[in-house]
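Coordinate analysis (summary)
Read off the chains here:
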Amino acid sequence: MASGSTTIFAQDLHDLQLPLLPRSAEEAARIAKVTAPTQDFSEPEKFEQKPAGAATVRARDTADAFSDPSANIGLEGRMTFNLGNGLFTKPWVSSPSSTTASDGLGPIFNARACQLCHLKDGRGTPPNNPDEAAVSLFLRLSLPADHTAEAEAIEGWLSTQNDPVYGGQLQNFSLPGIPAEGQMTISYTDRPMTLAGGEVVTLRAPKYGISNPGYGPINPALMMSPRIAPQMIGLGLLEAIPAADILAGADPDDADGDGISGRPNIVMSAEFGVPMLGRFGHKAGMPTIREQSAGAFSGDMGLSTPLHPSGAGDCTTPQTACMAAPDGADPKDGLEVSADSLELVTFYSRNLGVPERRDMADAEVLHGKELFYSTGCIACHTPKFVTGRMDGDVAQSFQLIWPYTDLLLHDMGDGLADNRPEGRADGREWRTAPLWGIGLTGLVSGHTNYLHDGRARSLMEAILWHGGEAQAARDTVTNLPKSDRDALIRYLESL
């Protein structure tokens, strides 16, 4: 895709989170050549086995396949990584507690530890039955708003506001004596689809609601969006792609007429106080890993950080017992998660390694790769980028990576629409999900649930949910012979 313009927005979008060095014209030309889509599917491409460049880790055949540190962070980096892992996996407790380094949970929350949502650093899963509490799937909440401050700074901002009673997300757990906000309900309707050759795949269409609301009736205008915990690998490399390279793929007006009109989400940075390119989250609502981590500490666990200093987390004023509950703030900084602790978790999240490819030279995998390219999947799932060259010894610096995402927003049609705006993303738009490591989901997470809410129970179901800009590619896949569809899935499983 090509935008036809390099000045899409009034503000400049700087990579404030990166110590980037400028690229020379010669270097830019080399990068353009190496990242161009291949035309040869007779054998694997050079360096394809290493999807994270020098940061790639060996492929393990255990559930820990996503839990190794980037291969190029050195001994000191591994020590820092292990400290961050300790914070990522530890359970937090309520305050006051004798374990003062781990108290401050809640008062309302979705999980007691980061690891409980991102089990083994992999994907979350929806509840298996109505009686099972949701842990790694929650509902984001908002109401329409006439105008917000972000609309003044960011072109195309879609104004919303948190619910004044239930906040920005539904917390289904709480500390003793404090009502939980409610329970998410999910019901499914089966939608059979017949593919070429007679194969029938049954999709399940979810409907979400809230039962047992703890703080009064739900506003009829409340917008709800389910979000499943994504896999954690390769995040630092996605953060290290220069914003200019991502914006170069944007084509908001479909100037090239290919039916694909990716748009960037632009969000206000809580850390830097200026608009930045959104990269993380299912609608690219967070600009950096540090802000994503701080947001999870606050919203998911009710823990204060330098970026979100309230010890009450997502509690609201009408939740009086919640607001009055004690917190676990350290007297030295007034925080439950210190700046150092947040930095350790950020380092850990930034350096979870991407496993090497498997079965790349297999004939069926190569055929599936050719189909992935020819059916138009790469229009959004961009195979390759080169990360920015950075000052200092940075593991993510100047690596050829294969994440299979453009990190842009795309209209995915009515079937996947949540009808809830987030930043510049409207209710039909979602960020292209990275595909690296997707074939290891079953091994790591013990399930094969995909998409933003885990509704798809297989890779084929995930493909069949694609609509909107991806409708043409989806229809092409449905009309392929079964042997070709099997080859396409085999290729995805090799990533």
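From a predicted model like this one, the values you see are computed outputs, not experimental measurements.

Cut-offs applied
Residues numbered from 1 in each chain as written. Predicted model: local features only at pLDDT ≥ 70, side-chain atom pairs only at ≥ 80, totals over all residues. Heavy atoms only, no water. Buried < 20%, exposed > 50% of the residue type's maximum accessible area, 1.4 Å probe, protein only. Helix = DSSP H or I, 4+ residues; strand = E, 2+ residues; numbered from the N terminus. Arc of directions from axis to C-beta. Contact = heavy atoms within 4.5 Å. Polar contact = N/O pair within 3.5 Å; in protein donor to acceptor, adjacent residues only side chain to side chain. Phe/Tyr/Trp six-rings, centres within 6.5 Å; stacked < 30°, edge-to-face > 60°. Lys NZ or Arg CZ within 6 Å of the ring centre and 35° of its normal. Pairing = 2+ DSSP bridges. pLDDT = per-residue confidence, 0-100. Salt bridge = Lys/Arg side-chain N within 4 Å of Asp/Glu carboxyl O. Disulfide = S-S within 2.5 Å.

Another aspect to go through is helix α13 (residues 471–478). Buried within α13 we find Ala-473, Arg-474, Val-477 and Thr-478. All buried residues of α13 lie within an arc of 140 degrees about the axis, which places them on one face of the element. Of the surrounding secondary structure, the elements contacted by the buried residues of α13 are β5 (183–194), α12 (459–464) and α14 (482–493).

On the secondary structure map, Asn-265 appears in the loop between α6 (243–247) and β8 (266–268). Not counting residues within four places of it along the chain, the set of residues in contact with Asn-265 comprises Met-276, Leu-277, Gly-278, Lys-283, Ala-284, Gly-285, Leu-409, Glu-422, Gly-423, Arg-424 and Ala-425. Within the structure, Asn-265 has its side chain in polar contact with the backbone oxygen of Glu-422 (distance 3.2 Å).

On to the packing of aromatic side chains. Applying the stated criterion across every chain, the model contains nine aromatic pairs. The structure contains a cluster of three or more aromatic residues connected by ring pairs, namely Phe-41, Phe-372, Tyr-373, Tyr-404 and Tyr-491. One cation-aromatic arrangement involves Lys-283 over Trp-430; the distance from NZ or CZ to the ring centre is 4.1 Å. Positioned over the ring face of Phe-398 is Arg-389, at 3.8 Å from the centre of the ring.

So, on to the side chain of Ser-225. Note that Ser-225 resides in strand β7 (residues 223–228). A distance of 3.0 Å separates polar atoms of two side chains, one belonging to Ser-225 and the other to Arg-227. For Ser-225, the contacting residues outside a window of four places in its chain are Phe-138, Leu-139, Arg-140, Asp-418, Arg-420 and Trp-430.

With an omega dihedral of 0 degrees, the bond running from Ser-95 to Pro-96 counts as a cis peptide bond. If you trace the backbone, Pro-96 turns up in the loop between α2 (74–89) and β1 (108–109). Residues Gly-106 and Pro-107 are joined by a peptide bond in cis, for which omega reads 15 degrees. Positive phi, normally seen in glycine, also occurs at Asp-254, with a value near 50 degrees. Following the sequence through the fold, Asp-254 ends up in the loop between α6 and β8. Owing to a relative accessible area of 23%, Asp-254 belongs among the partly exposed residues under this scheme. The phi torsion at Phe-398 lies on the positive side, around 50 degrees, for a residue other than glycine. You can see Phe-398 is positioned in the loop between β10 (385–386) and β11 (400–401). Judged by relative accessible area, Phe-398 falls into the partly exposed class, the value being 23%.

We now examine the sheet that holds β7. Within the open sheet, the three strands sit side by side as β3-β2-β7. Their pairing is antiparallel. Bordering the open sheet on either side are β3 (160–161) and β7, each of which pairs with just one other strand. When strand β2 (residues 137–144) meets β3, the two strands line up antiparallel, connected through two bridges. When the sheet's bridge partners are listed, Leu-143 is paired in β3 with Gln-161.

Before going further, it helps to examine the confidence of the model for the chain. Residues with a pLDDT of 70 or more make up 98% of the chain, whose mean pLDDT is 95. In the model, residues 1–11 has pLDDT below 50 throughout and makes 33 contacts with residues more than four positions away in sequence or in other chains.

A few words now on the pattern of salt bridges. One pass over the structure, following the stated rule, counts 28 salt bridges. Residue Asp-486 pairs with Lys-482 through a salt bridge whose shortest N-O separation is 3.1 Å. In this pair, Asp-486 and Lys-482 both sit in helix α14, four residues apart, roughly one turn of the helix. Overall, Asp-486 belongs to the partly exposed group, its relative accessible area being 34%. Residues participating in the shared-partner salt-bridge network are Glu-45, Glu-48, Arg-357, Lys-369 and Lys-384.

To continue, consider the environment of Tyr-373. Looking at the element boundaries, Tyr-373 is found in helix α10 (residues 363–374). Taking the C-alpha atoms as reference points, Tyr-373 and Ile-246, separated by 127 residues in sequence, lie 19 Å from one another.

This part is about the state of the cysteines. The final tally for this structure, using the stated rule, is one disulfide. Between Cys-315 and Cys-322 runs a disulfide, and the two sulfur atoms are separated by 1.7 Å. The pair Cys-315 / Cys-322 is uniform in exposure class, with both members buried. Unpaired in terms of disulfides, Cys-117 finds its nearest cysteine sulfur in Cys-114, a separation of 8.1 Å. Among the cysteines around Cys-377, which has no disulfide bond, Cys-380 carries the closest sulfur, lying 8.9 Å off.

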